[in-house]
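One-letter residues, chain by chain:
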Amino acid sequence: MADSTGNGTPLLDELEKGPWPSFVKEIKSMAEDNKMSQDLLGQLEKSYRDKTGYWKHGGIVGVMGYGGGVIGRYSFLAEEYPNVAHFHTLRINQPSGWFYTADALRALCDVWERHGSGLTNMHGSTGDIVFLGTKTDELEPTFAELTKHGFDLGGSGSDMRTPSCCVGPARCEWACYDTLHITNDLTHHFQDELHRPAFPYKFKVKCAGCPNDCVASIARADMSIIGTWRDEIQIDQDEVKKYVESGIDIHRDIYANCPTRCIEWDGKELKIDNSNCVRCMQCINAMPKALRPGKDRGATILIGSKAPIVEGALLSSVLIPFIKIEPPYEEIKDLIERIWDVWGEHGKNRERVGEFIQRVGLGNFLEEIDLEPHPDMVAHPRENPYIFYEEYYEEGEEEEEEE
Amino acid sequence: MADSTGNGTPLLDELEKGPWPSFVKEIKSMAEDNKMSQDLLGQLEKSYRDKTGYWKHGGIVGVMGYGGGVIGRYSFLAEEYPNVAHFHTLRINQPSGWFYTADALRALCDVWERHGSGLTNMHGSTGDIVFLGTKTDELEPTFAELTKHGFDLGGSGSDMRTPSCCVGPARCEWACYDTLHITNDLTHHFQDELHRPAFPYKFKVKCAGCPNDCVASIARADMSIIGTWRDEIQIDQDEVKKYVESGIDIHRDIYANCPTRCIEWDGKELKIDNSNCVRCMQCINAMPKALRPGKDRGATILIGSKAPIVEGALLSSVLIPFIKIEPPYEEIKDLIERIWDVWGEHGKNRERVGEFIQRVGLGNFLEEIDLEPHPDMVAHPRENPYIFYEEYYEEGEEEEEEE
Amino acid sequence: MAAGTERKTDIGPPNYEQFLAPVIKKNYGQWKYHEVLRPGVMVHVAESGDKLYTVRAGSPRLLSIKTLRKFADLADKYCDGYLRFTSRNNVEFLLTDEAKIDPLIEELRELGHPVGGIGNAISSIVHTQGWVHCHSAATDASGIVKAVMDDLCQYFTDTKLPGKLRIALACCLNMCGAVHCSDIAILGVHRRPPRVDHSTLSKLCEIPSVVASCPTAAIRPATVEGKPSVEVDEERCMFCANCFSVCPSMPLNDPLNDGVSIWVGGKVSNARTEPMFSKLAIPYLPNNPPRWPEVVQAVRRIVEVWAAGAKKYERMGEFINRIGWKRFFELTGIEFSKEHIDDFKHAGLTYKRSAQLRH
Amino acid sequence: MAAGTERKTDIGPPNYEQFLAPVIKKNYGQWKYHEVLRPGVMVHVAESGDKLYTVRAGSPRLLSIKTLRKFADLADKYCDGYLRFTSRNNVEFLLTDEAKIDPLIEELRELGHPVGGIGNAISSIVHTQGWVHCHSAATDASGIVKAVMDDLCQYFTDTKLPGKLRIALACCLNMCGAVHCSDIAILGVHRRPPRVDHSTLSKLCEIPSVVASCPTAAIRPATVEGKPSVEVDEERCMFCANCFSVCPSMPLNDPLNDGVSIWVGGKVSNARTEPMFSKLAIPYLPNNPPRWPEVVQAVRRIVEVWAAGAKKYERMGEFINRIGWKRFFELTGIEFSKEHIDDFKHAGLTYKRSAQLRH
Ligand code: SRM
Ligand code: SRM
Ligand code: SRM
Ligand code: SRM
Ligand code: SF4
Ligand code: SF4
Ligand code: SF4
Ligand code: SF4
Ligand code: SF4
Ligand code: SF4
Ligand code: SF4
Ligand code: SF4
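Residues numbered from 1 in each chain as written. Chains lettered and ligands numbered in written order. Predicted model: local features only at pLDDT ≥ 70, side-chain atom pairs only at ≥ 80, totals over all residues. Heavy atoms only, no water.

**Some words on the overall build of chain C**
Part 1 of the argument: What chain C contains, in helices and strands, is ten helices and twelve strands.
Part 2 of the argument: A principal-axis box enclosing the C-alpha atoms of chain C has dimensions of 75 × 75 × 35 Å.
Part 3 of the argument: Pairs at least 24 apart in sequence give 63% of the contacts found in chain C among residues at least 6 apart.
Part 4 of the argument: Accessible surface, chain C: about 12,000 Å² in total, of which carbon and sulfur atoms supply 49%.
Part 5 of the argument: Across chain C, 45 positive and 40 negative side-chain charges occur, with their mean positions spaced 4 Å apart. (Helix = DSSP H or I, 4+ residues; strand = E, 2+ residues; numbered from the N terminus. Contact = heavy atoms within 4.5 Å. Areas by Shrake-Rupley, 256 points an atom, 1.4 Å probe, with all protein chains shown as cover. Lys, Arg positive; Asp, Glu negative; His and termini not counted. Charge placed at Lys NZ, Arg CZ, Asp CG, Glu CD.)

Following this line, the structure appears as structure tokens:
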């Protein structure tokens, strides 16, 4: 029996069956020669039996000079499972686009074999490499070995979180800017903000190369950078015809799915009214050989998405309708800093920037970060008549003006 | 000069010009032989000069035994314009559908000539005949003469307001129920609630014969009764063809305007997927000779619309997706009374029923008025995870259940 | 009232049936279809084959009994005495004899009542009391309506618009004109916080109700010159006048600052799209009586942009949704400003939460 | 760490460029189009004509270093050492030699990693820690994911679905799995108010922060057994656990009442429709480890209803919007209940405010 108490894991064993790869097999295979994994298995079996978790609430622990990157974790069942009495995770900043070489991967494995449970998440929900569980006194040695191999910790707590991005220009024909480069650049530029929590709450950045948003940035990032274009969709009419011949029904599959119905097809030529195209990607997705984003590319910057706690979930909302994304990204860095300044000063504790904007009002927020209001920032103008006109005439003033 | 001060009305005179009928002409023509109208003209000219109104805030005044139907009004400029020192309006309950005979109209005119300004609104925004301005001691005599001619006062204050309805079956081919009959019936049935304010706030009822909603019930009534049908749209295929011949483009004008795109046209036959038709009326509106609502008719009952003060404007929301509307309307009267009971007991002062429902939650409200939840009541189920599960197991309970 | 006569109450409105023309009674609920014959004239054809002609004429709504009597005379002359008013305050003459339509229209024209408003037209402007009768008004109602309709009258007597266009006016945020769902809404606005009349407040008003009336919690109890009263935090006031509704000592009327805002894109019908609220187009235009030229011009501009760009049937809001708000602001030349961005309770839900944009 | 070695900090992540295959470096930003060749295999063709083959394999996300080393070996053997992971935690092998695809897939299969998830398929379930690592979990994460994916594996290895289907799981309302915009979301829920540990609260937590943490103001300061603590008004608690996030003495974990809710119809992409939140389908299913049969069955039923009814490309939410929620509840056999009706802050905006209904 792989679990330390020797009681067996009849419940977890059930999860070794079936066609999908089994996390139980993963834990068991480590449990063969790693005590932490053994105790994890034991405690988890008990959780399955009792229908509850046995981990204690948080705990501040970390590596020297860093405020984030480690999630402290202690067991309620330390006596029964002493090897997971401490079971902290390390968040390790992934390379942009989650690209690896076999050697880099092996290096990570070697470090973790020496210092932890040997279990990982590839990757965590934010994008980090997650080293799943070790003792407090293994944190520094792990960190030292990681940096030796060129890896550093990611974010946790009230800091900038590890930015992430879609595969972008590395493998995707639709990338409207270099998602990998800017992600790496911003991450390096803001190392201090990533490692030393000093914000009201977490701040996540995600970069998607086009409106398909393969990194879910609009739902999961305080700042979402989503590629788009300003000019016309590139059309190869011959390829359109080939799609039609091979069975695509332009009316049903393309026209009827276009949100603004700005596509026309007379059987010979596909016409797009680009002034009314909202860059949704659908027609391009459906006919990748025939259609491509325009050539004048950049991104829309949106702000403020998050999970529901506490005021309800938010999607990011438009902050900059269109911007060119080019190194050294000064304009964007500057924008980010202006946002942090205002939110840092006026944000409440545990108030995400999206909630902050709702509280102070987008109009006021724009003034503070020095951006002009633009109709693209709203789904529609206000419906309620409660306008804060900011000035009014005092008696006598009007006459003065007329002089 | 028609105004009493003899200073002339140079500003108002400007509004006698132009092709649209002029309210100034109306006032002036009365001012020739009615002192109230004369002073109204004078005070209004002064308002135009000074860019402000000169009426005082409210004032409780009325006819014996009634709590509503009269809006008290006093002038700030009583010295200058003594004949509008009091200038109360009477709200007179219109006949359903705003139908009159010439004689009935003349009778109303005669009453108002004897007792008031001779000015009216045909009609007020809620639907009443508005007698615009008279003195306190003319109220009772006016009322006596009105009842003699078969007219009674409408609502004002925190009562049921004068119900109103579209022209319905009297002249419209789309009426899905008898809007005039039910409006008249409900008005008579609830006379007490109409004349003696006892609610937290006003309660308006409006009846529209079909989803075109020609009486704006969904925006302006605490209870909106909107005709609809359950079976299939009636199609006359020959007439469809005639419309096509005369220039209707089925794709552009009909299919593309159908909210659920549930219409098909193969050049010969128009097909409607009635299971997906949302009864919007568009195709019927566009081809009234070819299409008609189904035969199994009734109404959707919606609740809670209002103007923005204070929590923001509301449209009515679905309370009963479909109901047959047939005399003596017991089910509907009963529903209305259940609503009034709950709102009357728990509503705050000046809280409309729509605001009340938002405050206590639609789910709780339904329980109180004894209606089952139905998916048609919501645009979509909840998005936030903050569910009030109303019960939980105590230790030991579960085992008990299993025994 | 003569003594001895019993005082009648609660008799309710007269039964509408007595006011229905015989052709209506006969074909009640049996109408088959209708056709718009020309501007302001339509015919309803019954299953029985009977025909009912309607002639619709514009009205200022504020009508003297003299004019009403003229309508009665016309009804007698052309319609066997039957007429009605519409939910937008137009008057409708109900004829069975087609030949009488022309002479009726001629007489109406002479009386100064244009015939139209049916079909793809602008109908009368639903509106309110304004300076004619209300204490709350931030602007007049009838005056603006007259000036705007003078300017747009052609769209009433024609049916050349893409679809229906409904304009409404309310003279204060109470919105008795129910402007909140109109293609174009003209709304009187105050822009100066209430000026508290400390000398009368404690006599006329209940201080806790006054404090509770304010949706932004701008009102605090305070003792002023020894008297219990209230204080307004002007920064928080958005001029809703709800405090004034419950307390006469909190007037917001102010000749220098009162004026008009313009809203667009609301609708009520369920046709094609669901009902929609109107949205802010122009936050403020001055009160400029007697003819409010700025308002007239702004409304015309919006109507023209819509008339030129909308597809058949397309209401204002549907048109704007199709072209996008950015383009609406470009085409009308209206500036987009901070005021357009919602900052009330549900503001966050109006932010653009997608990357679907026109560039 | 050997003395004398300088401690390195703030070096940031390794530069991704060193991990890019030569074919990627050469054609970086120059891809022309792609094609899905078969389930789990696609090719990207560059302007240069170069081709890059991707083989995507499913992963439990929780991976031991032993498995990772096997991936590394496969990458060396078939891909010159290059591989990546996806935003949904699958592993992708990047090949230039088409001939190596089959043997690679064969080896992956032997290792127990099905190939698929590309195109119109279900991809891996984005998920979280659950009982494996988190203190907050109302359910396990990996266990449900395994059970559900075992059941749906066919939809991963096929591309027979109408469009993409994204499932996510989060083990508590913090939603680290970002389930709020998923086609199907599985969400762990607590259903019993926090049980206050009065003996530790004043030591471990700041009472004002605890009180302030509650969005429904259910928490009041109170003195219990002589100690400062807090009291919970259970009627007002909706089990968000935000109090527990700021204070360990307010645990909500409860074996009897914890469980799972199911949500549907969210999406993230801007394709066709704007991004949407997931909506409640099933308020509560019990925790039934190890294989949560109720959850597995409910998810399958929803997937099947969608798969049978959706048009090409149509995501779950788009499908439901087309057929209407009433029909969704009918087709899935799920009962519509009070819990489905929103009663939080913006609840009123979710009521059906139109007469556009299917009857
Ligand atoms: C490890 C990870 C889940 C995973 O299995 O992948 C995770 C785990 C935790 N999250 Fe998370 N979050 C993780 C990604 C997310 C995401 C997804 C994302 O980033 O795209 C979200 C939703 C998006 C967002 O940011 O809103 C997320 C929203 C939260 C929240 C709610 C925050 C909010 O504003 O609504 C909390 C609660 C908190 O911050 O107090 C939270 C708190 C936590 C804590 C620290 C528990 C706590 O209350 O202190 C969890 C530690 C678990 C553990 O013991 O390991 N976690 N958390 C993810 C980070 C891995 C990584 O770095 O790659
Ligand atoms: C006369 C009329 C306007 C008109 O010119 O037609 C009118 C006039 C007044 N309304 Fe109104 N309302 C009138 C229809 C409406 C409508 C439209 C409707 O009924 O379809 C609305 C919007 C719909 C609604 O009910 O929400 C309306 C929403 C208000 C409100 C805001 C109520 C709210 O809950 O938001 C107030 C303020 C109040 O109740 O304190 C209000 C208050 C008033 C008062 C009584 C002023 C006040 O604050 O005390 C106005 C008296 C003016 C006067 O001196 O004559 N009036 N009021 C309408 C009634 C005539 C009739 O009986 O036919
Ligand atoms: C007479 C009147 C009912 C009444 O009881 O008084 C009426 C009568 C008719 N309406 Fe209406 N509607 C009347 C107010 C309304 C209103 C209410 C309002 O404007 O405040 C609406 C909702 C407007 C909105 O959405 O904001 C209304 C939305 C419609 C529609 C839907 C239009 C649309 O495309 O959105 C139709 C269908 C159509 O026009 O094809 C319609 C169609 C009709 C028809 C054709 C019905 C019929 O078959 O008889 C009638 C003549 C049409 C016309 O005027 O063009 N009626 N109609 C009202 C005339 C008001 C006026 O004087 O102008
Ligand atoms: C590899 C990956 C990016 C990465 O950096 O890791 C990726 C890669 C591609 N995505 Fe994606 N998407 C990836 C996650 C996503 C996500 C994020 C997520 O699922 O959390 C989304 C948003 C999902 C949502 O809306 O909830 C996403 C929405 C799309 C769409 C839009 C689909 C739609 O109809 O809504 C397309 C277009 C398409 O499929 O035609 C797309 C298309 C593509 C293309 C075809 C782009 C290309 O030309 O290379 C790539 C292969 C498609 C495929 O997997 O079927 N990708 N894609 C991610 C693979 C995850 C996985 O292992 O399954
Ligand atoms: S977001 Fe766009 S650019 Fe990035 S991988 Fe997806 S489809 Fe390609
Ligand atoms: S990208 Fe979207 S909006 Fe633009 S033309 Fe294609 S389908 Fe239409
Ligand atoms: S609401 Fe319908 S039934 Fe009533 S008049 Fe308008 S179109 Fe006719
Ligand atoms: S009534 Fe409306 S939803 Fe129904 S078929 Fe006609 S256009 Fe479509
Ligand atoms: S809208 Fe305001 S000012 Fe106009 S009548 Fe109504 S309450 Fe009076
Ligand atoms: S006008 Fe409205 S916001 Fe201003 S003080 Fe009065 S109630 Fe408050
Ligand atoms: S969703 Fe909740 S329980 Fe799961 S990892 Fe995140 S914080 Fe922990
Ligand atoms: S779980 Fe949420 S609602 Fe319940 S007491 Fe805690 S913070 Fe309040």
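Still more ground to cover, so stick around.
**Section: unusual backbone geometry**
Part 1 of the argument: In this chain, Ile309 of chain B is followed by Val310 of chain B through a cis amide linkage whose omega measures 0°.
Part 2 of the argument: Mapped onto the secondary structure, Val310 of chain B falls in the loop between β13 (297-303) and β14 (317-323).
Part 3 of the argument: Omega for the peptide link from Pro289 of chain D to Pro290 of chain D comes to 10°, which places this bond in the cis form.
Part 4 of the argument: With respect to the element layout, Pro290 of chain D can be found in the loop between β12 (279-286) and α8 (293-309).
Part 5 of the argument: At Met281 of chain B, a residue that is not glycine, the phi angle is positive and equals roughly 90°.

**Description of the coordination of the iron atom of ligand 2**
Ideal donor angles around a metal are set by the shape: a four-donor tetrahedron calls for 109.5 degrees, a six-donor octahedron for 90 or 180 degrees.
Part 1 of the argument: With respect to protein ligation, the iron atom of ligand 2 binds only Cys176 of chain C (SG), at 2.3 Å.
Part 2 of the argument: On the secondary structure map, Cys176 of chain C appears in the loop between β7 (167-170) and β8 (184-189). (Donors = N, O, S within 2.8 Å, 3.2 Å for Na, K, Ca; no water.)

**Looking at the interface of chain A and chain D**
Part 1 of the argument: Facing 120 residues of chain A, the contacting portion of chain D comprises 110 residues.
Part 2 of the argument: Contact between chain A and chain D buries roughly 10,000 Å² in total, counting both sides, with carbon and sulfur atoms accounting for 60%.
Part 3 of the argument: Across the contact surface, chain A and chain D share 13 salt bridges.
Part 4 of the argument: Of the charged contacts, one joins Glu92 of chain D and Arg171 of chain A as a salt bridge, the two residues approaching to 2.6 Å between their closest N and O atoms.
Part 5 of the argument: Scanning the region where chain A abuts chain D turns up 67 residue pairs in polar contact (both at pLDDT 80 or more). (Buried area = accessible area lost by both parts, 1.4 Å probe. Salt bridge = Lys/Arg side-chain N within 4 Å of Asp/Glu carboxyl O. Polar contact = N/O pair within 3.5 Å; in protein donor to acceptor, adjacent residues only side chain to side chain.)

**Side note on the site of ligand 2**
Part 1 of the argument: Around ligand 2, the surrounding shell holds 28 residues, and the nearest of these are Arg73, Asp128, Tyr201 and Lys204 of chain B together with Cys176 of chain C.
Part 2 of the argument: Around ligand 2, the nearby residues trace back to chains B and C.
Part 3 of the argument: With respect to ligand 2, the side chain of Arg61 of chain C contributes an N or O atom lying 2.7 Å from an oxygen atom.
Part 4 of the argument: Partitioned by chemical class, the residues of the shell around ligand 2 number seven nonpolar, ten polar and eleven charged. (Near = heavy atom within 4 Å. Nonpolar A, V, L, I, M, F, W, Y, C, P; charged D, E, K, R; others polar.)

**With respect to the relation of the copies chain C and chain D**
Part 1 of the argument: The transform that puts chain C on chain D rotates by 180° and translates by 0.0 Å along the axis, for an RMSD of 0.0 Å. Here the transformation between the copies is reduced to the relation of a two-fold axis. The rotation axis passes nearest to the C-alpha of His346 of chain C in chain C, at a distance of 3.5 Å.
Part 2 of the argument: In this assembly the copies share their binding face: 100% of the residues contributing to the interface of chain C also contribute to that of chain D. (Least-squares fit on C-alpha atoms with pLDDT ≥ 70 in both.)

**Things to note about the sheet that holds strand β3 (residues 99-101) of chain A**
Part 1 of the argument: Taken in spatial order, the six strands make up an open sheet running β3(A)-β5(D)-β6(D)-β3(D)-β2(D)-β1(D), and their pairing is antiparallel. The sheet is open, and its two edges are formed by β3 of chain A together with β1 (31-38) of chain D, each paired on a single side. Here the strands of the sheet are splayed against their neighbours by 25° on average, with no regard to which way each runs.
Part 2 of the argument: Bridging between β1 of chain D and strand β2 (residues 41-46) of chain D involves six bridges; their strand directions are antiparallel. Within the sheet, the bridge partner assigned to Glu35 of chain D lies in β2 of chain D and is Val43 of chain D. (Pairing = 2+ DSSP bridges. Axes fitted to C-alpha atoms, helices over the stretch in contact; angles between N-to-C directions.)

**Considerations on the interface of chain C and chain D**
Part 1 of the argument: Of the residues lining the interface, 13 residues belong to chain C; the matching set on chain D comes to 13 residues.
Part 2 of the argument: Taken together, the two surfaces of chain C and chain D that pack against each other cover about 950 Å², and 47% of this comes from carbon and sulfur.
Part 3 of the argument: At the boundary of chain C and chain D, one finds two salt bridges.
Part 4 of the argument: The closest approach of N and O atoms between Glu274 of chain D and Lys352 of chain C, which form a salt bridge, is 2.8 Å.
Part 5 of the argument: Our count for the contact surface shared by chain C and chain D stands at 13 residue pairs in polar contact (both at pLDDT 80 or more).

**Examining the confidence of the model for chain C**
Part 1 of the argument: Mean pLDDT over chain C works out to 96, with 99% of the residues at or above the 70 mark.
Part 2 of the argument: Two numbers describe this predicted complex: its pTM, 0.96, and its ipTM, 0.96. (pLDDT = per-residue confidence, 0-100.)

**Quick word on the sheet that holds strand β1 (residues 70-71) of chain A**
Part 1 of the argument: Strand order in the open sheet formed by five strands is β1(A)-β2(A)-β5(A)-β4(A)-β4(D), with antiparallel pairing between adjacent strands. Of all the strands in the sheet, just β1 of chain A together with β4 (62-64) of chain D have a single pairing partner and so form its edges.
Part 2 of the argument: Here three bridges tie strand β4 (residues 119-122) of chain A to strand β5 (residues 129-134) of chain A, and the two strands are oriented antiparallel to one another. Pairing of Thr120 of chain A across the sheet is with Phe131 of chain A, part of β5 of chain A.
Part 3 of the argument: Each of β4 of chain A together with β4 of chain D is contacted by helix α2 (residues 23-31) of chain A, which is oriented at about 30° to β4 of chain D, the strand it contacts most.

**As for helix α5 (residues 139-148) of chain A**
Residue and element names in this part refer to chain A.
Part 1 of the argument: Burial within α5 is extensive, with seven of its ten residues counted as buried.
Part 2 of the argument: Looking at α5, one finds that the buried residues are Leu139, Thr142, Phe143, Ala144, Glu145, Leu146 and Thr147.
Part 3 of the argument: On its buried face, α5 sits against β1, β2 (88-92), α4 (102-115) and β5.
Part 4 of the argument: Gly150 sits one or two positions beyond α5 and adopts a positive phi of about 90°. (Buried < 20%, exposed > 50% of the residue type's maximum accessible area, 1.4 Å probe, protein only.)

**What to know about the pairing of strand β7 (residues 167-170) of chain D**
Residues and elements named next belong to chain D.
Part 1 of the argument: On β7, burial covers both faces: Ile167 and Leu169 on one face and Ala168 and Ala170 on the other are all buried.
Part 2 of the argument: Where β7 and strand β8 (residues 184-189) come together, four bridges link them in parallel fashion. From the neighbouring strand, Ile167 faces β8, where its bridge partner is Ile184.

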